Amino acid sequence: MSSATRTLISPATLARPRGRAVYWTVFGAVTVLFALAFLFPVYWMVTGAMKSPDEVARTPPTLIPHHWHLAGYTDAWDLLQLPRHLWNTLVQAAGAWAFQLVFCTAAAYALSKLRPAFGTVILGGILATLMVPAQALVVPKYLTAADLPLIHTSLLNDPLGIWLPAVANAFNLYLLKRFFDQLPRDVLEAAEIDGAGRLRTLWSVVLPMSRPVLGVVSIFALVAVWQDFLWPLMVFSDTDEQPISVALVQLSQNIQLTVLIAAMVIASIPMVALFLVFQRHIIAGISAGSTKG
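Just so it is clear, the structure is predicted and the values come from calculations on it, not from any experiment.

Engineer: Is there a simple way to think about the overall build of the protein chain in this case?
Structural biologist: Tallying secondary structure elements over the protein chain gives 15 helices and zero strands in all. In terms of C-alpha radius of gyration, the protein chain reaches 25 Å, well past the compact-globule figure of 19 Å for 293 residues. Nonlocal contacts in the protein chain, meaning residues at least 24 apart in sequence, comprise 70% of its contacts between residues at least 6 apart. A total of about 18,500 Å² of accessible surface is found on the protein chain, and carbon and sulfur atoms cover 69% of it. In the protein chain, 18 positive and 15 negative side-chain charges are present, and the distance between their average locations comes to 20 Å.

Here's what the structure looks like:
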């Protein structure tokens, strides 16, 4: 006995011209409201950098700048040394992404397909770390980075201080494992029959099938490093090595508000562009996790 799917508006109502008109009117109005709610803060930030300092502080605020000034962006680019700090952020984010993708993928594949001894216990221990607040791990991480065990070297003021802690990401590892669990077993067995080893199966079969979830993990890894503030602040005492999130705070003293807003706009452009370019992969990866092969 099949049960009919119930919706907010019945198909009979949508079949009538008046019902369709009301539906599309409400749908369009809600879509426009949500679009304005998300896009207006972006517009306010972009245009705020083009106002004069007096106009930014004016009450009530102006919706459209009386005079458009681009000097805020050029001053932010030069005074805050944005090229240097954007490069630092790019290096730190790219390294953390590469380390995390390699090690998390390998660990998830081992736990999912190789089934090691005590694999369930290991996975449970990894997931237990999600219950620990990130702030509680800051001091142990700093002490470890300041004096790395066994080799007794410091990772402070070094990109490795960002890359290595980023590898231990329990959420991304679990996300990859759940995706690997849903891969068709027949495909992997066919690769084994053809003589492919474990590593060759991972490289030639599993990874090509996992592009959607790898895209999602990549976005999570890059955004996490790009927007992080507390840990880079502790690792990089050298101003020239600091990422953009820390530099904006450290160098914003005695800087006009319009220049600071312009710097924030410039700092957000890479992440917005990344999302716009890879939004199809992100949506495909999120939906892929809910389907079984």
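There's more to say after this.
Engineer: Help me understand the layout of surface pockets, please; the structure alone is not making it clear to me.
Structural biologist: Taking a probe equal in size to a water molecule and rolling it over the atoms shows the remaining empty space. Counted as a void, the largest pocket has a volume near 970 Å³. Around the largest pocket sit 31 residues that line it, and Ala 134, Lys 141, Pro 165, Ala 168 and Asn 169 are the ones nearest its centre. Contributing elements (two or more residues each) for the lining of the largest pocket: α5 (82-114), α7 (138-146), α8 (160-167), α9 (170-181), α12 (211-227) and α13 (230-235). Sort the elements by how many residues they give to the lining of the largest pocket and α12 lands first, with six residues. A breakdown of the residues in the lining of the largest pocket according to their chemical character gives 23 nonpolar, six polar and two charged.

Engineer: Please explain helix α11 (residues 198-209) as it appears in this structure.
Structural biologist: Each α-helix turn comprises 3.6 residues. Residues three or four places apart therefore point the same way. Here α11 is 12 residues long and its end C-alpha atoms lie 15 Å apart, about the 16 Å a rise of 1.5 Å per residue gives. Those residues of α11 not exposed but buried are Thr 201, Leu 202, Val 205, Val 206 and Leu 207. For α11, the secondary structure elements touched by its buried residues are α5, α9, α10 (185-193) and α12.

Conventions adopted
- Residues numbered from 1 in each chain as written.
- Predicted model: local features only at pLDDT ≥ 70, side-chain atom pairs only at ≥ 80, totals over all residues.
- Heavy atoms only, no water.
- Helix = DSSP H or I, 4+ residues; strand = E, 2+ residues; numbered from the N terminus.
- Rg over C-alpha atoms; globule rule 2.2 N^0.38 Å.
- Contact = heavy atoms within 4.5 Å.
- Areas by Shrake-Rupley, 256 points an atom, 1.4 Å probe, with all protein chains shown as cover.
- Lys, Arg positive; Asp, Glu negative; His and termini not counted.
- Charge placed at Lys NZ, Arg CZ, Asp CG, Glu CD.
- 1 Å grid on protein atoms, 1.4 Å probe; cavity = no way out; pocket = protein on both sides within 12 Å on 5 of 7 lines; lining within 4 Å.
- Points joined across faces, edges and corners; volume = space filled by probe spheres on them.
- Nonpolar A, V, L, I, M, F, W, Y, C, P; charged D, E, K, R; others polar.
- Expected span 1.5 Å × (residues − 1).
- Buried < 20%, exposed > 50% of the residue type's maximum accessible area, 1.4 Å probe, protein only.

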